[in-house]
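What follows is the residue order along each chain.
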Amino acid sequence: MHDLARALADQLHPGAAPRDVTVRFGARRQAPVEYRSASRGGPVTVYAQALHATLYGLPMREESLPTALDELLQATHTTNAPDAVLRQVAEQLRNAAEIIQGYQYRAQWDRYPADVAEQLSDAHNRAQHIAQALDRVAPVFSHQPTAPRVPAAHSQSAAAPVASPPAPATRHR
């Protein structure tokens, strides 16, 4: 699999690191019309893993997902396991929380202003909270929904006015 990724990366530049190379697939103009608008792309390592698994009849393993967040972002467009991506993001958030906590302790030991340690503590707690939330929702993405869900009717009375959504905030550049 690594040899395949290396060979694909070498197509861009001999000796290029596979982790630094992405691929993009599209249909040529002479292709049937149903293929011309289709395209896909992502990290060469992800495609090498998928190609390797397909050629040898191997299942796609969750471990094949990249750990670098920029590569993981690209892999979200090519993976058939969105639940695995969410679990990987949760794991990265736990790692981030551990890093943040280390800086929080350092801020306390080195006697930085108290609000620095407090903000780091808050960031640590939020990262852990988000990771736990992703752990809870990831299994939902392991199965494709069979039918569109209809939102449950709320217990509002018919006479109760419906609030309109707030106007979008203007953005300054």
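What you see is a predicted model, and the numbers here were worked out from it, not measured in a lab.

### Let's talk about the packing of helix H5 (residues 82-109) against helix H6 (residues 114-137)
Two numbers describe how H5 lies on H6: the axes approach to 8 Å, and their chain directions differ by 165°. Classified by the angle their axes make, H5 and H6 are roughly antiparallel. The way H5 lies across H6 gives a crossing that is left-handed. Among the residues making up the contact of H5 with H6, the classes are represented as 17 nonpolar, six polar and two charged.

### Things to note about the environment of Arg36
Mapped onto the fold, Arg36 is located in helix H2 (residues 33-36). Separated by 10 residues in the primary sequence, Arg36 and Gly26 have C-alpha atoms spaced 7.2 Å apart. Not counting the four nearest positions on each side in its chain, Arg36 is found in contact with Ala27, Arg28, Arg29 and Ala31.

### Some remarks on unusual backbone geometry
The phi angle at Arg111 is positive, at roughly 60°, despite the residue not being glycine. By the secondary structure assignment, Arg111 is in the loop between H5 and H6. A residue is classified by how much of its surface remains accessible, and Arg111, at 75% relative accessible area, is exposed.

### With respect to a nonpolar patch on the surface
Nonpolar side chains collect at one region of the surface, where Leu51, Leu55 and Tyr56 lie side by side and expose about 350 Å² of accessible area between them. Structurally, the position occupied by Leu51 is in helix H3 (residues 44-55).

### Concerning the pattern of salt bridges
Per the counting criterion, the structure on display carries five salt bridges. The salt bridge involving Arg94 is made with Glu91; its shortest N-O contact spans 3.3 Å. Here the residue Arg94 and the residue Glu91 both occupy positions in helix H5, the gap between them amounting to three residues, near one helical turn. Of the charged contacts, one joins Arg94 and Asp135 as a salt bridge, the two residues approaching to 2.7 Å between their closest N and O atoms. Note that Arg94 is positioned in helix H5 and Asp135 in helix H6, a separation of 41 residues in sequence. Of the residues examined, Arg94 reaches a relative accessible area of 31% and is grouped as partly exposed. Each of Glu91, Arg94 and Asp135 takes part in one network of salt bridges that share partners.

About the cut-offs
- Residues numbered from 1 in each chain as written.
- Predicted model: local features only at pLDDT ≥ 70, side-chain atom pairs only at ≥ 80, totals over all residues.
- Heavy atoms only, no water.
- Axes fitted to C-alpha atoms, helices over the stretch in contact; angles between N-to-C directions.
- Helix = DSSP H or I, 4+ residues; strand = E, 2+ residues; numbered from the N terminus.
- Parallel < 35°, antiparallel > 145°, perpendicular 65-115°, else oblique.
- Left-handed = near helix turned anticlockwise from the far one by under 90°.
- Nonpolar A, V, L, I, M, F, W, Y, C, P; charged D, E, K, R; others polar.
- Contact = heavy atoms within 4.5 Å.
- Buried < 20%, exposed > 50% of the residue type's maximum accessible area, 1.4 Å probe, protein only.
- Patch = residues over 30% accessible without salt bridge, like charges linked within 9 Å, V, L, I, M, F, W, Y side chains within 5 Å.
- Areas by Shrake-Rupley, 256 points an atom, 1.4 Å probe, with all protein chains shown as cover.
- Salt bridge = Lys/Arg side-chain N within 4 Å of Asp/Glu carboxyl O.

This is a description of form; function is not addressed.
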